[in-house]
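Fold and geometry: a report
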Amino acid sequence: MNRIFTRPASHLRHIRRTLTQHSATATAPNPADELQPLGILWRYQILDPNSDIVNLWNHIFLITCIISLFIDPLYFYLPYVGSVACMSTDNDASLTITYFRTLCDLFYLLHMLMKFRTAFVAPSSRVFGRGELVMDAREIAMRYLKTDFIVDLTATLPLPQIVIWLVIPATKTKGTGHANNTLALIVLIQYVPRLFVIFPLNQRIIKTTGFIAKTAWAGAAYNLLLFMLASHVLGAVWYLASIGRQHSCWKEGCTNEFHSVPPCYLEFLDCNSLGSLEREYWLNSTLVLARCDAKNDDSDFKFGMFADAFTSEVASSRFIEKYIYCLWWGLRNLSSYGQNLTTSTYIGETTFCISLCIGGLILFARLIGNMQTYLESMTVRVEEWRIKRRDTEEWMRHRQLPPELQERVRRFNQYEWLATRGVNEESILRSLPLDLRREIQRHLCLNLVRRVPFFSQMDDQLLDAICERLVSSLSTDGSYIVREGDPVNEMLFIIRGQLESSTTNGGRTGFFNSITLRPGDFCGEELLTWALVPNSTLNLPSSTRTVRTLTEVEAFTLRAEDLKFFAFQFKRLHSKKLQHAFRYYSHQWRTWGACFIQAAWRRYKKKKLAKELALRESFHLMSIPGQESYYSDEGDSDDGVDEISSLDSPNKAQHLGATILASKFAANTRRGVIQKVQIADSASSSLKMPKLFKPDEPDFSEEV
């Protein structure tokens, strides 16, 4: 069965009207359409409470809250003593203060809107980690309405504007307008919700970023500013209470003279009545001026601690002058807990002094204590280093170390302080995640490591692993890094400074070799040879050289276990290219090569000398006459005589005689050459270099 769905006529008319409006606006673009993406973005954008924009807004709003707390007490300075026995209100200052106060209220309103769009962490997910954020706008709004909405709304209301511009003028009657100045104290009521806003905001910033100020100076200035703000509020309240105390005295005296002749009207206490003949006539006969004069010691009305406002003519001064004086008054008495105040028996006055003493004690202990903590944190490293140095000095004196050893310890401590400023870099790096630690080590060490020629032959992956395990090392001049024959437990790569590397080839007599190691060189290559051996023993290799610092040295070290890890983990360390680089930059191999070349050269010189001596002897013997009889008289060639007797022909006998003569000459020549060579050897024995053993060949071949 087919069903036909019909729509009401009103619905169809609505559809036609919508289509008509759409067709009418299709040709001409509506400027409001350009703002639609922003509206959608605001509608669906939920902010992370730990994001940068929320953190920035919290800092801005915190500054705005402090400014608003500074602006509110300025309303208390509006009333002033305009002339003799009259008061007035500073309307120009009131307009300026109201303008800035309204701007601050707008920031409070924006903060409420931000809270409607800021996510929160679900309480049930706080068991582990940061917790899970609730991004639903409805849940965020409901939670905010149930928790902080009332407090934020109360803090946002423009109460001072309402009191100053609406309540006081509405309750003002003839001559009684300034009697209502005590209503301005209602402004202080709004301080309670605003404090409930600023203190959680402060804690939220600390929870998100870990600190309220990045530097110690900023933290100290922040706490000092809060203490100054409390002094500002205290001075403003004292000024308003002084004005109220003066007005109450005038009002009491005027009420007593109401039935006298001439009578006193309360409107006379308003400066708007200046110039009135009745007021002038009353001033000439009244006793109110003498009774309510704070400078009159005979008056029965006691101003107590409020007398300074009139004896110093603060109440009749300009706005900026009375503000500075009241700020000084509040700062002086808040820091001294009101000990210098002289009060009367007026209950309100004594209550004010008690509150001042208690509040000053709490604020001084809290804010000034925080300020002291921030300032001490600036010198905590210096103090720790001073204590460490003092303990070191006491220990060296107690152990009776020799003066030269004590001086070396002092130089090392001083050099360590200049290099690190007392910061333990290894503990900081160990507290970071592995990936972040690797990136930091790469940033700090990679460029320095590449300055070492041996490392420049390696690829980036191997260099990253090396940078991760490098340990910084500091050494003062005159320190021994390693001595010849001691086990080598680390390989040192020089970054700054110079070292002397020397060897006696195991203590052999007459052998000494010394070289200077500079930035880019390394020592302890015996450890690399040991690490590359596939089945090396646990015993560390012995050093073949003595390494001593000539200047202050900064270097990186690789420990034995780290080199062993590289040898087994990275097969690219077993390449021929690294083998040649190791031999070329190793000073141990360079020394062996130099000694090998020197030994070969000296062998060549000895052979050359022997040949020259033999040649000279031969020429010398050929030039001497009668050499034949010399050879025939030797008597050491009996075989030659037998051969001569057996010859048959005279020509053969003549050739045979020449042969015998030549053989005798050669034998004699060899005998003389051997003697000359022995003499030359004995003469050059002092120049002969002992044999230097070839360094152990590292196993650069890959394991199968």
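Scoring rules and cut-offs
Residues numbered from 1 in each chain as written. Predicted model: local features only at pLDDT ≥ 70, side-chain atom pairs only at ≥ 80, totals over all residues. Heavy atoms only, no water. UniProt positions renumbered as here; feature names shortened; annotations may be inferred. Helix = DSSP H or I, 4+ residues; strand = E, 2+ residues; numbered from the N terminus. Buried < 20%, exposed > 50% of the residue type's maximum accessible area, 1.4 Å probe, protein only. Contact = heavy atoms within 4.5 Å. Areas by Shrake-Rupley, 256 points an atom, 1.4 Å probe, with all protein chains shown as cover. Pairing = 2+ DSSP bridges. Axes fitted to C-alpha atoms, helices over the stretch in contact; angles between N-to-C directions. Salt bridge = Lys/Arg side-chain N within 4 Å of Asp/Glu carboxyl O. 1 Å grid on protein atoms, 1.4 Å probe; cavity = no way out; pocket = protein on both sides within 12 Å on 5 of 7 lines; lining within 4 Å. Points joined across faces, edges and corners; volume = space filled by probe spheres on them. Expected span 1.5 Å × (residues − 1). Arc of directions from axis to C-beta. Core = buried A, V, L, I, M, F, W, Y, C linked by side-chain atoms within 4.5 Å. Disulfide = S-S within 2.5 Å.

An unreviewed UniProt entry lists the protein chain under the name Cyclic nucleotide-gated ion channel 18, from Abeliophyllum distichum. Under Subcellular location (unreviewed entry), UniProt gives the following word-for-word description of the protein chain: "Endomembrane system". Within the UniProt record for the protein chain, the comment given under Sequence similarities (unreviewed entry) is "Belongs to the cyclic nucleotide-gated cation channel (TC 1.A.1.5) family."

Before going further, it helps to spend a moment on the overall build of the protein chain. When helices and strands are counted, the protein chain shows 26 helices and twelve strands. Every one of the 704 residues in the protein chain was classed for burial, and the buried ones make up 37%. Considering only contacts within the protein chain whose residues lie at least 6 apart along the sequence, 75% involve residues at least 24 apart. With the model as given, the accessible surface of the protein chain reaches about 42,600 Å², and the carbon-plus-sulfur share is 59%.

On to the sheet that holds strand β10 (residues 522–523). Within the open sheet, the four strands sit side by side as β5-β12-β7-β10. Their pairing is antiparallel. Among the strands making up the open sheet, the edge pair consists of β5 (471–475) and β10. With respect to the sheet, helix α21 (residues 560–569) is in contact with β7 (490–496) and β12 (553–559), its orientation differing from that of β12 by roughly 55 degrees.

On to the pattern of salt bridges. Summed over all chains, the structure comprises 22 salt bridges. Of the charged contacts in the structure, one is a salt bridge between E313 and K295, with a shortest N-O distance of 3.9 Å. Residue E313 is found in the loop between α12 (308–311) and α13 (319–335), and its partner K295 is found in the loop between α11 (288–291) and α12; the two are separated by 18 residues along the sequence. Look at E313 and you get partly exposed, because its relative accessible area is 46%.

Here we take up the pairing of strand β11 (residues 546–549). When strand β6 (residues 480–482) meets β11, the two strands line up antiparallel, connected through two bridges. Counted as the bridge partner of V482 is V547 from β11. The sheet contact formed by strand β8 (residues 499–503) and β11 spans four bridges and is antiparallel. Of the residues in β11, the one forming a bridge with L499 is T549.

Here the focus is the UniProt feature "transmembrane region" (unreviewed entry) in the protein chain. The feature "transmembrane region" (unreviewed entry), as annotated in UniProt, sits at residues 56–78, 98–116, 149–170, 182–201 and 222–241 in this numbering. Annotated as residues 56–78, this span is 70% helix and 0% strand, and its ends, taken at the C-alpha atoms, are 35 Å apart. Between the C-alpha atoms that bound residues 222–241 there is a distance of 29 Å. The span itself is 100% helix and 0% strand.

As a further point, take the layout of surface pockets. Approximately 1,200 Å³ is the volume attributed to the largest pocket. Lining the largest pocket we find 42 residues, and of these T420, N424, E425, E426 and S472 sit closest to its centre. Taken together, the elements giving at least two residues each to the lining of the largest pocket come down to α15 (380–399), α16 (403–420), α17 (425–430), α18 (434–450), α19 (460–469), β5, β7 and β12. If you tally residues by element for the lining of the largest pocket, the top one is α18, at seven residues. Considered as a void within the structure, the second largest pocket measures approximately 930 Å³ in volume. As for the second largest pocket, its lining consists of 32 residues, and the residues nearest its centre are L195, F199, A230, L363 and L367. Of all the secondary-structure elements, those providing two or more residues to the lining of the second largest pocket are α8 (191–209), α9 (216–256) and α14 (347–378). For the lining of the second largest pocket, the leading source of residues is α14, giving eleven residues.

What follows is about α13. With 17 residues, α13 ought to run about 24 Å at 1.5 Å a step, and its terminal C-alpha atoms sit 24 Å apart, in line with that. Every buried residue belonging to α13 is among K322, Y323, C326, L327, W329, G330, N333 and L334, and all of these are buried. Down the axis of α13, the buried set is contained in an arc of 160 degrees. They therefore lie on one face.

W238, Y239 and W250 are the most contacted members of the largest nonpolar core, which totals 80 residues. Setting aside chain neighbours within four positions, we find W238 in contact with M305, F306, D308, A309, Y325, C326, W329 and F352. Counting residues in each nonpolar core, the second largest holds 28 residues, with M491, F493, L527 and L558 among its members.

All chains considered together, the criterion is met by three disulfides. The residue that forms a disulfide with C86 is C271, at a sulfur-sulfur distance of 2.3 Å. Here C86 and C271 share a disulfide; its torsion about the S-S bond, 80 degrees, makes the bridge right-handed. Here C271 lies in the loop between α9 and α10 (277–285) and C86 lies in strand β2 (residues 86–89), a separation of 185 residues in the sequence. Taking relative accessible area as the criterion, C86 reaches 0% and is therefore assigned buried. The side chain of C249 participates in a disulfide bridge whose partner is C292; the two sulfur atoms lie 2.0 Å from each other. Between C249 and C292, the S-S dihedral sits near -95 degrees, and the bridge is therefore left-handed. Remark: C292 occurs in the loop between α11 and α12 and C249 occurs in helix α9; sequence separation between them is 43 residues.

If you walk across this open sheet you meet the four strands as β6-β11-β8-β9, and the pairing is antiparallel. The sheet terminates laterally at β6 and β9 (513–517), the two strands that pair on one side only. The mean inter-strand angle of the sheet, taken between neighbouring strand axes irrespective of direction, is 25 degrees.

Moving on to the environment of T311. With respect to the helices, strands and loops of the structure, T311 is situated in helix α12. Of the residues examined, T311 reaches a relative accessible area of 33% and is grouped as partly exposed. Considering only alpha carbons, one finds T311 and K295, 16 residues apart in sequence, at a separation of 6.0 Å. Those residues within four positions of T311 in sequence are excluded, and the remaining contacts are A294 and K295.

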